[in-house]
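Architecture at a glance
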Protein chains: 2
Amino acid sequence: MKFDVSPLREQLLGDLTEKVAVAKERGIGYKLLILRVGDKKADISYENSIKKSAEKVGIDVKVTAFADTAGESEILSEVNRGNRDEGIGGILIFHPLPKHFDVEAIDSAIQSEKDIDCLSPLNQWKIFTGQGKIMPATAKSALMIAEAMGDLEGKRVLIINRSMVIGKPLAMMLLDKNATVTLGHSRTKDIPGLAKDYDVVVYGTGQSRWVTADFVSDDQCIIDCGIAFDESGKLTGDVDFDAVVDKAHLVTSVPGGVGSLTNLLLLDNMFLD
Amino acid sequence: MKFDVSPLREQLLGDLTEKVAVAKERGIGYKLLILRVGDKKADISYENSIKKSAEKVGIDVKVTAFADTAGESEILSEVNRGNRDEGIGGILIFHPLPKHFDVEAIDSAIQSEKDIDCLSPLNQWKIFTGQGKIMPATAKSALMIAEAMGDLEGKRVLIINRSMVIGKPLAMMLLDKNATVTLGHSRTKDIPGLAKDYDVVVYGTGQSRWVTADFVSDDQCIIDCGIAFDESGKLTGDVDFDAVVDKAHLVTSVPGGVGSLTNLLLLDNMFLD
């Protein structure tokens, strides 16, 4: 059966709109600062999509765009300006940054409460220890969907992704919910056979529709974090949705699944206690 | 079959002795500074065991013992003295520290190259990202043993421990070796049934001899990180060694397994590049 993300999305939209209104009244942390270097197509398109989501919930967005030739120190001083401005609740820097930049220094310069993309070592370390509040948006979306699909306590969850933006943080967050968590990846053997043993499987490889009905067991919940394009250029996920939807207990679609919550969750990271 | 740790231990002893000799000649990083607050029996006994290992490889140990009533600032200034002393290659602070101390501030004060117990957020974060060099000694010992038991690429490994000193860092290190890694714990269901599906199982709960032959499949390698005592006060691990040794392909003993490498690996953390 298809997992319908819209109730989660509506709930998030409502809660977030309320939080923004409160923040605006206090004049604290209601603005988002976006830093962009150059004008790469992908960055502009992401920027527009963030702006659209921000507008929906009432967040003001300020974009500071730098020329391709900008120096590291210009970026750093804008980050510091953003850190000092109490109206700004989140600072988002588009990556990849130019190769000659000290990216770690720039990411670490963001004040940890404003680091809504969870780029700083401190925020990532907190996730590792299980005390994290700010989470990478895709991992948070997968977690939220997994929880909505059913209680995670004692469940067996397989994640096919070991990155710092999906697999690793999601594994830590699922452990915190008392799930038993497996991290798999490109070198994992016999993924179809393995996947069948799990209550919940999260896919995030970015290969189009490689997960077929052979991977699915009864009562299984499937969360698709993949972003891929098929031969005809159509947006798809890792999962062959049509082949899987009748067999799986619940499965998210792409588009319309994990990705429909990520912008809102990114923005929600501005308003954590 | 019992996994004999002594060849690994001999190798470590030899390599470490050589590294210490080189460091002594250069006058850099050959001394260990131990900070102890109070004189708890467990601390004294651990201190003596570290001293013995250090002596074997030629490391000079300096113990700074504080009264139970010592203040945080005294500890911090000794840490800073140790950071500045180029003869000192490692600083070891016995935990738990008195409850009213800001433990995170003290742990974070240790210069990251001298933080041989991997207590600082920065060193733990590096493990999370997969770039870590300094590793908690028990996790490192389990990893070293697992690698000696056989190639880890594509192997399925189960770890029954989700702490920051064993399960989590070990999982990250095993992912880096391209193993498929599962983290289980006290809320994991049907551990005997689950364990049978794995090539390598690492136990670390500290419950005496709960792992019986029922948990073991053919060709399975078992690494016992448990430290427990049975009813007669005898040191044991998680694994009922006698019941398992003929069934498992390889199994470590307690005592004589993981724990026989930990002191040396802790000291080895003084000499990483």
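In this text the structure is predicted, and so the values were computed from the model without any measurement. (Residues numbered from 1 in each chain as written. Chains lettered and ligands numbered in written order. Predicted model: local features only at pLDDT ≥ 70, side-chain atom pairs only at ≥ 80, totals over all residues. Heavy atoms only, no water.)

1. Considerations on the pairing of strand E2 (residues 60-66) of chain B
Residue and element names in this part refer to chain B. Short version of the rule: Here a strand pair is declared whenever DSSP counts at least two bridges between the two strands. The way it works is that DSSP assigns letters per residue, a run of H or I at least four long becomes a helix, a run of E at least two long becomes a strand, and they are numbered from the N terminus. Looking down the strands as they point away from you, a crossover is right-handed if its path from the first strand over the helix to the second goes clockwise.
The sheet contact formed by strand E1 (residues 31-37) and E2 spans seven bridges and is parallel. In the strand pairing of E2, Leu-33 is matched with Lys-62. With helix H2 (residues 41-57) bridging E1 and its parallel neighbour E2, the resulting β-α-β unit is right-handed.

2. Details of the environment of Gly89(A)
All names here are of chain A. Put simply, the rule is: Contacts between residues were defined by any pair of non-hydrogen atoms, one from each residue, lying within 4.5 Å.
Structurally, the position occupied by Gly-89 is in strand E3 (residues 88-93). Taking the C-alpha atoms as reference points, Gly-89 and Thr-64, 25 residues apart in sequence, are found 15 Å from one another. Setting aside residues no more than four positions away along its own chain, Gly-89 makes contact with Gly-29, Tyr-30, Lys-31, Glu-113, Lys-114, Ile-116 and Met-270.

3. Structural notes on the interface of chain B and chain A
The criterion, for reference: Note on definitions: buried area is the accessible-area loss of two parts on being combined, 1.4 Å probe, summed for both. Here, a salt bridge means any side-chain nitrogen of Lys or Arg that lies within 4 Å of a carboxyl oxygen of Asp or Glu. Two N or O atoms count as a polar contact when they lie within 3.5 Å, although within protein this holds only if one can serve as hydrogen donor and the other as acceptor, and sequence-adjacent residues are included solely when both atoms are side-chain atoms. Residues are grouped as follows: Ala, Val, Leu, Ile, Met, Phe, Trp, Tyr, Cys and Pro are nonpolar; Asp, Glu, Lys and Arg are charged; every other residue, Gly included, is polar.
The partner chain A presents 31 residues to the 31 residues of chain B that form the contact. When residues of chain B are sorted by the area they lose upon contact with chain A, Trp125(B), Phe128(B) and Leu175(B) head the list and together hold 24% of the total. Summed over the shared surface of chain B and chain A, the result is two salt bridges. The partner of Arg187(A) in a salt bridge is Glu153(B), with the nearest N and O atoms 2.6 Å apart. Counting the contacts that link chain B with chain A gives 17 residue pairs in polar contact (both at pLDDT 80 or more). Breaking the side of chain B that touches chain A down by element, the ones donating at least two residues are helix H5 (121-129), helix H7 (167-176) and strand E5 (180-184) of chain B. Each residue belonging to the side of chain B that touches chain A can be placed in one class, and the counts come to 13 nonpolar, 10 polar and eight charged. With three bridges joining them, strand E5 (residues 180-184) of chain A and E5(B) adopt antiparallel strand pairing.

4. Quick look at a nonpolar patch on the surface
Note the following rule: Like-charged residues are merged into a patch within 9 Å and nonpolar side chains (Val, Leu, Ile, Met, Phe, Trp, Tyr) within 5 Å, provided each residue has over 30% relative accessible area and no salt bridge. Using the Shrake-Rupley algorithm and a 1.4 Å probe, accessible areas are obtained, with residue cover drawn only from the displayed protein chains. Throughout this description, buried means an accessible area under 20% of the type-specific maximum (1.4 Å probe, protein chains only), exposed means over 50%, and partly exposed covers the range between.
Where nonpolar side chains cluster on the molecular surface, the patch consists of Ile227(A), Phe229(A) and Leu235(A) and spans about 320 Å² of accessible area. For Leu235(A), a relative accessible area of 31% corresponds to the partly exposed category.

5. Description of the relation of the copies chain B and chain A
Rule in force here: The copies were overlaid with a least-squares fit restricted to C-alpha atoms from residues scoring a pLDDT of at least 70 in each copy.
At an RMSD of 0.0 Å, chain B and chain A line up after a rotation of 180° and a shift of 0.0 Å along the axis. On the angle and the small slide along the axis, the relation comes out as a two-fold axis. No C-alpha of chain B approaches the rotation axis more nearly than that of Thr182(B), which lies at 2.0 Å. Taken as a fraction of all interface residues of chain B, those also at the interface in chain A reach 100%, which identifies the copy contact as same-surface.

6. Side note on the sheet that holds E3(A)
Residues and elements named next belong to chain A. Condition: Angles shown run from 0 to 180 degrees and are taken between the N-to-C directions of axes, each axis being a line fitted to C-alpha atoms and, for helices, limited to the stretch in contact.
Spatially, E2-E1-E3 is the arrangement adopted by the three strands of the open sheet, whose pairing is parallel. A single partner strand is all that each edge strand has here, and the edge strands are strand E2 (60-66) and E3. Adjacent strand axes in the sheet meet at a mean angle of 20° when their direction is disregarded. In this fold helix H2 (residues 41-57) packs onto strand E1 (31-37), E2 and E3, with an angle of close to 175° to the strand it touches most, E1.

7. A word on the domain arrangement of chain A
Under the convention used in this document: These domain limits were set by an automatic method or by a database of domain assignments.
The domain architecture assigned to chain A consists of domain 1 (24-119) and domain 2 (137-261). Between domain 1 of chain A and domain 2 of chain A, the C-alpha centre-to-centre distance is 30 Å.

8. Quick notes on the packing of aromatic side chains
Keep this limit in mind: Here the aromatic set is Phe, Tyr and Trp, taking the six-membered ring for Trp, and pairing holds for ring centres within 6.5 Å; pairs whose planes are under 30 degrees apart are stacked, those over 60 apart are edge-to-face, and all others are tilted. Consider the ring centre and the ring normal. A charge sits over the ring if Lys NZ or Arg CZ is within 6 Å of that centre and within 35 degrees of that normal.
Taken as a whole and assessed by the stated rule, the structure comprises nine aromatic pairs over all chains. Each ring, one from Tyr203(B) and one from Phe215(B), has its centre 6.3 Å from the other, and the planes form 75°; the classification is edge-to-face. Residue Tyr203(B) is located in strand E6 (residues 200-203), and its partner Phe215(B) is located in the loop between E6 and strand E7 (221-224); the two are separated by 12 residues in the primary sequence. Accessibility expressed as a relative area gives 6% for Phe215(B), which makes it buried. Grouped by ring-pair contacts, the aromatic residues Tyr203(A), Trp210(A) and Phe215(A) constitute a single cluster. If you follow Arg156(A) out to its NZ or CZ, it ends over the ring of Tyr198(A), 4.6 Å from the centre.

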